[in-house]
Amino acid sequence: MNAATLLQELIRIPSDSGQESAVCDRVERVFKDLGWVPVRSGRNVYAFLGQGSPLLLLNSHTDTVPVGEGWTHPPLGAEIVGGKIYGRGSNDAKGCLTAMILGAAKAFSQDPPKGRVCIAATCEEEINGKGLEALLSELPRPDAAVVGEPTGLQPAVAQKGLLLLEVTAEGRSAHAAWGGGVNAIDAAAADVLALSQLKFERDHPALGRPSLAVTQIQGGTRHNVIPDRCKLVVDIRTTPAYAPEELVARVQGAAKGKVHVRSQRLGCVETDTAQPVVRAALAANPGAKPYGSATLSDWVFLKGIPTVKTGPGDSKRSHTPDEYLEVSELEAGVAFYERLIRAYFELAAK
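Here the residue numbers are simple positions, counted from 1 along each chain's written sequence. With pLDDT at 70 or above as the cut-off, local features in this predicted model cover only qualifying residues; side-chain atom pairs require 80 or more to be listed or tallied, and sums for whole chains, interfaces and linings still use all residues. The side-chain numbers reported here are obtained from all heavy atoms of the structure, hydrogens and water having been left aside.

Novice: What is the right way to read the sheet that holds strand 10 (residues 211-219) from this model?
Specialist: The strands that make up a sheet are held in pairs by hydrogen bonds between backbone atoms, and each pair lies either parallel or antiparallel. When DSSP locates at least two bridges between a pair of strands, those strands are taken to pair. Helix and strand definitions follow DSSP, with helices as H or I runs of at least four residues and strands as E runs of at least two, each counted in order from the N terminus. With antiparallel pairing, the four strands of this open sheet are ordered in space as 10-11-9-12. The strands lining the two open edges of the sheet, one partner per strand, are strand 10 and strand 12 (258-266). On average, adjacent strands in this sheet sit at an angle of 20 degrees to one another, irrespective of strand direction. Contacts are residue-level and defined by heavy atoms, with any inter-residue pair within 4.5 Å sufficient. Axis definition: a line fit to C-alpha positions, over the contact stretch in the case of helices; interaxial angles, taken between N-to-C directions, run 0 to 180 degrees. Where helix 5 (residues 184-196) meets the sheet, it contacts strand 9 (161-170), strand 10 and strand 11 (229-238), and its direction lies at approximately 15 degrees from that of strand 11. Sheet strands touched by helix 6 (residues 244-254): strand 9, strand 10, strand 11 and strand 12. Its angle to strand 12, the strand with the most contacts, is close to 155 degrees.

Below, the structure written as structure tokens:
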């Protein structure tokens, strides 16, 4: 089965988050063509290879963000131009999924390793949904996991979490022509400036310091009414160096508006570099160096399971117009995952 051809087929199937059924149908047929026994669970599909223990989970997602504007190549055309496969999801993360499937197939085709692999193609990753999170309750607990995301085949051994806050500035309405009242947008603007000056001092060895950004603002109902409320959304990427409660307190101390926690379910995660799955990822790509990732993935649902996030591609291409994956990157990914699987079972047996 040719890797580039399979990736082209997957790109051509639209699969915005929540609309993954058709691409799951194709993945299910791929599993059957490889002689595997696929299991369908909603918009997730998985299969087991090998026998015995340990159990290694290979996971990547089938959903993509919407196509958006600004493309110069057909976003679902999967054109190959200059050695690059263009299309939404090529880089994030259908390329990783393709490479995982075919890498595992190679690993178990001749001289299969002693142990089991579960390959899981899951939904709703781009919206932090319940694809992998829900599926884990159906699966036996993995001894280790690999999450397929575009990292240039470098092993991410830590990942920042997400803390979402809302800051609401309150004022008093009045007629805009006569003035008076208290403008909540002015108060919110002062909070934006105060939050921009907020500094975090403690470093994490792999992840550095938390980041904070005001990413949304909503205020006012009509042009001729002084607004009495204005809401900010604050995106904080967390590290183990700060407890979520401490970060909330820092925001509350800097802003005059009322602070509300919208979400803190997506915590930060990390894996000891001495774990066999990390060592296997390093052995599969000599010269690679462990690093900390600022972007979220389904790794967040694998707390307590030694995990590495790694795959072909470049995270900076994700969600962009003319997203692409180089054919050479895809082929290198297939070989990389095969080596990683073999190395993991060898190291885990020691």
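From this point on, the discussion continues.
Novice: Honestly, the pattern of salt bridges in this entry has me stumped. Any pointers?
Specialist: Proximity of charged atoms lets side chains of opposite charge pair with each other. We define a salt bridge as a side-chain nitrogen of Lys or Arg found within 4 Å of a carboxyl oxygen belonging to Asp or Glu. Following the criterion strictly, the structure yields 18 salt bridges and no others. R40 is the salt-bridge partner of E28, the closest N and O atoms lying 2.8 Å from each other. With E28 in helix 2 (residues 21-33) and R40 in strand 1 (residues 39-41), the pair connects residues that are 12 residues apart, well separated along the chain. Burial classes follow relative accessibility: with a 1.4 Å probe on protein chains only, a residue under 20% of its type's maximum area counts as buried, one over 50% as exposed, and anything between as partly exposed. Among the residues examined, E28 registers a relative accessible area of 18% and is labelled buried. On the basis of relative accessible area, R40 is assigned to the partly exposed category, the value being 30%. A salt bridge links E170 to R229, with the nearest nitrogen and oxygen atoms 3.7 Å apart. Here the residue E170 occupies a position in strand 9, and R229 occupies one in strand 11, the gap between them amounting to 59 residues.

Novice: What is the right way to read helix 6 from this model?
Specialist: Helical geometry: 3.6 residues make up each α-helical turn, so side chains three or four residues apart lie on a common side. The complete set of buried residues in helix 6 reads L247, V248 and V251. Viewed along the axis of helix 6, the buried residues span an arc of 100 degrees, placing them on a single side of the element. Structural note: helix 6 exposes E245 and G253 on the side pointing more than 90 degrees away from its buried face. As for helix 6, its buried residues are in contact with strand 9, helix 5, strand 10, strand 11 and strand 12. It is the directions from the helix axis to the C-beta atoms that the arc portrays.

Novice: Explain the sheet that holds strand 5 (residues 84-86) to me, please; I cannot follow it from the model alone.
Specialist: Here we have three strands laid out as an open sheet, ordered 4-5-16, and antiparallel in their pairing. Unpaired on one side and paired on the other, strand 4 (80-81) and strand 16 (324-326) mark the two borders of the sheet. With two bridges connecting them, strand 4 and strand 5 associate as antiparallel partners. Along strand 5, the bridge assignment pairs I80 with I85. Sheet contacts for helix 8 (residues 327-348): strand 4, strand 5 and strand 16; angle to strand 16, the most-contacted strand, approximately 65 degrees.

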